[in-house]
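# Fold and geometry: a report
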Amino acid sequence: MSDGGPTTRTILRALGFGFVLLVLGAWLAQTLFPHESPLMSQPAPPLEGRIVAGEGAESEDRVSLESLRGRPVILDFWASWCPPCRASIPILSRLAATHADAGLVTLGVNVEANQTRTFVERAHRALRSGFPTLHDEHYQMQAAYGVESLPTLVLIDRRGVVRRVEVGVPDESDLDAHIRELLAENP
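Residues numbered from 1 in each chain as written. Predicted model: local features only at pLDDT ≥ 70, side-chain atom pairs only at ≥ 80, totals over all residues. Heavy atoms only, no water.

### Side note on the nonpolar core
Note the threshold: In this text, buried Ala, Val, Leu, Ile, Met, Phe, Trp, Tyr and Cys residues form a nonpolar core when linked through side-chain atoms within 4.5 Å. Relative accessibility thresholds used throughout: buried, under 20% of the residue-type maximum; exposed, over 50%; partly exposed, between the two (1.4 Å probe, protein chains only). Helix and strand assignments come from DSSP, with helices taken as H or I runs of at least 4 residues and strands as E runs of at least 2, each series counted from the N terminus. Contacts are assigned to residue pairs with any non-hydrogen atoms lying within 4.5 Å of each other.
Grouped together as the largest cluster of nonpolar side chains are 43 residues, with contacts concentrated most on L65, L75, F77, Y145, L150, I156 and I179. Sorting the residues of this core by element identifies β3 (73-78), α2 (83-99), β4 (105-110), β6 (152-156) and α5 (172-184) as the ones contributing at least two each. Here this core takes 6 residues from α2, the largest share from any one element. Not counting the four nearest positions on each side in its chain, I179 is found in contact with I74, L95, H99, L104 and L155.

### Digging into the sheet that holds strand β1 (residues 48-53)
To be explicit about the condition: Being paired, for any two strands, means DSSP has found at least two bridges between them. Only the stretch in contact is used when a helix axis is fitted, and all axes are lines through C-alpha atoms; the angle between N-to-C directions ranges over 0 to 180 degrees.
A sheet is described by the order of its strands in space; here 7 strands give the open sequence β2-β1-β5-β4-β3-β6-β7, paired in mixed fashion. Whereas interior strands pair on both sides, the edge strands pair on one side only; in this sheet they are β2 (62-64) and β7 (162-167). For this sheet, the mean inter-axis angle between neighbouring strands, taken without regard to orientation, is 30°. For β1 and strand β5 (residues 133-135), the ladder comprises 2 bridges, and the chain directions are antiparallel. Counterpart to I51 in the pairing with β5 is L134. Packed onto the sheet, α2 meets β3, β4 and β6 and runs at close to 160° relative to β3.

### Overview of the pattern of salt bridges
Put simply, the rule is: Note on definitions: salt bridges are taken to be side-chain nitrogens of Lys or Arg within 4 Å of carboxyl oxygens of Asp or Glu.
Inspection of every chain in the model, using the stated rule, returns 12 salt bridges. The salt bridge partner of R159 is D157, with a shortest N-O separation of 2.9 Å. Given a relative accessible area of 51%, R159 falls into the exposed group. Taking relative accessible area as the criterion, D157 reaches 1% and is therefore assigned buried. Across the salt bridge formed by D176 and R180, the nearest N and O atoms sit 2.8 Å from each other. Of this pair, D176 and R180 both sit in helix α5, separated by 4 residues, roughly a single helical turn. Taking the relative accessible area as the measure of exposure, D176 reaches 16% and is therefore buried.

### Thoughts on the side chain of S64
For S64, the position within the fold is in strand β2. Looking at S64, the relative accessible area reads 16%, which means it is buried. When sequence neighbours within four positions are dropped, the list of residues in contact with S64 reads L47 and E48.

### Looking at the pairing of β4
Put simply, the rule reads: Crossovers are marked right-handed if the path from the first strand over the helix to the second runs clockwise, as seen with the strands pointing away from the viewer.
Among the 6 residues in β4, 6 count as buried, and that is most of the element. Here β4 shows a buried face lined by V105, L107 and V109 and a second buried face lined by T106, G108 and N110. Both β3 and β4 contribute to a ladder of 6 bridges, which runs parallel. Bridging across to β4, D76 finds its partner in G108. Between the parallel elements β3 and β4, the chain passes through α2 in a crossover that is right-handed. Assessed by its sense of winding, the connection that carries the chain from β4 through helix α3 (residues 117-126) to β5 is right-handed.

Here it is in structure tokens:
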């Protein structure tokens, strides 16, 4: 009968090391060979919804990409349980405030179908989001944009064409450069 001696400990260490290598390998693959979205350089799928948190929520404003044509748009697909989403929202809030006067529209898309509007409003406030949020209660927006990981950012140019899809916490200066490029383009 084994007493959990060196053989068991060695196996457990090897399993733990193997798991760490697997996670590191997945991260490196995503970083070195990012999956390019099939949406790149394509017209953005239609998106329409009611603002449930942030500016426009009180009056239950509706927003659609079609109504925003002529303005660059950032869509931020997020969930309250997602730590990278919580890290991403302050970055997006700063960039939204910096570029709003130049015409940038930033919209959050909460993808927690099992939550209420009140829950999304509270999460939005708790995260100090500086831009309006829609609630994708039935995963329609998430499916249309092929969102598989959170957060996912989608940058759409003035003509309604997807110019960038980024998964994870964005690098603020890199994203700022992409936004400035979109803002500099003629409609």
